[in-house]
Amino acid sequence: ITLAGKRYVTRLSATKLTAAGVEELITYSHREYIDKAVSLAHDPQRRQHYHDTLRDKMAKGPLGDPESLAKALEAAYRKMFDRYIKDNKLEV
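Please read these numbers as outputs of a predicted model, since none were measured by experiment. (Residues numbered from 1 in each chain as written. Predicted model: local features only at pLDDT ≥ 70, side-chain atom pairs only at ≥ 80, totals over all residues. Heavy atoms only, no water.)

**Some thoughts on the confidence of the model for the protein chain**
Per-residue pLDDT for the protein chain has a mean of 89; in total, 99% of the residues score no lower than 70. When pLDDT is averaged over each element of the protein chain, helix α2 (residues 30-41) comes out on top at 97 and helix α1 (residues 8-19) at the bottom at 87. (pLDDT = per-residue confidence, 0-100. Helix = DSSP H or I, 4+ residues; strand = E, 2+ residues; numbered from the N terminus.)

Shown next as structure tokens:
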């Protein structure tokens, strides 16, 4: 469970949970975080399900494939650079 916020660590945690397809573990208030934690504490089957599947979901998700992630990042940088060149009417 993570409490989404403005700090890097909380944004990173939310990104990882989203990439793993378990957005339901992202909370947006302290009350929601506590409620989610208590709910999971009382549901051992659901906890076990996350325990059994989360690592595999992370490995198979976009953050678990560094080569594809690097290619996507390079493509995004290239697109930003091309847009900068075009917007500033520069020649390369």
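There is more to say after this.
**A closer look at the pattern of salt bridges**
Applying the stated rule across the entire model yields three salt bridges. We note a salt bridge from D35 to R31, for which the minimum N-O separation is 3.1 Å. Note that D35 and R31 are positioned in helix α2 at a spacing of four residues, about one turn of the helix. Notably, a salt bridge pairs K71 with E67, separated by 3.4 Å at the nearest N-O pair. Within this pair, K71 and its partner E67 are both found in helix α4 (residues 66-87), separated by four residues, close to a single helical turn. The class for K71 is exposed, based on a relative accessible area of 52%. (Salt bridge = Lys/Arg side-chain N within 4 Å of Asp/Glu carboxyl O. Buried < 20%, exposed > 50% of the residue type's maximum accessible area, 1.4 Å probe, protein only.)

**Comments concerning α4**
With 22 residues, α4 should cover 32 Å at 1.5 Å per step; its first-to-last C-alpha distance of 31 Å lies within 8% of that length. Backbone geometry just downstream of α4 places K89 in the positive-phi region, at approximately 50°. (Expected span 1.5 Å × (residues − 1).)

**A look at the side chain of T2**
Position of T2 relative to the elements: it lies in strand β1 (residues 2-3). Under the relative-accessibility criterion, T2 is labelled buried at 8%. Among residues more than four places away in sequence, those in contact with T2 are T10, S13, A14, L17, L25, I26, T27 and Y33. (Contact = heavy atoms within 4.5 Å.)

**Points about unusual backbone geometry**
In this structure, K89 takes a positive phi of about 50° despite not being glycine. Within the secondary structure, K89 is located in the segment after α4. A residue is classified by how much of its surface remains accessible, and K89, at 74% relative accessible area, is exposed.

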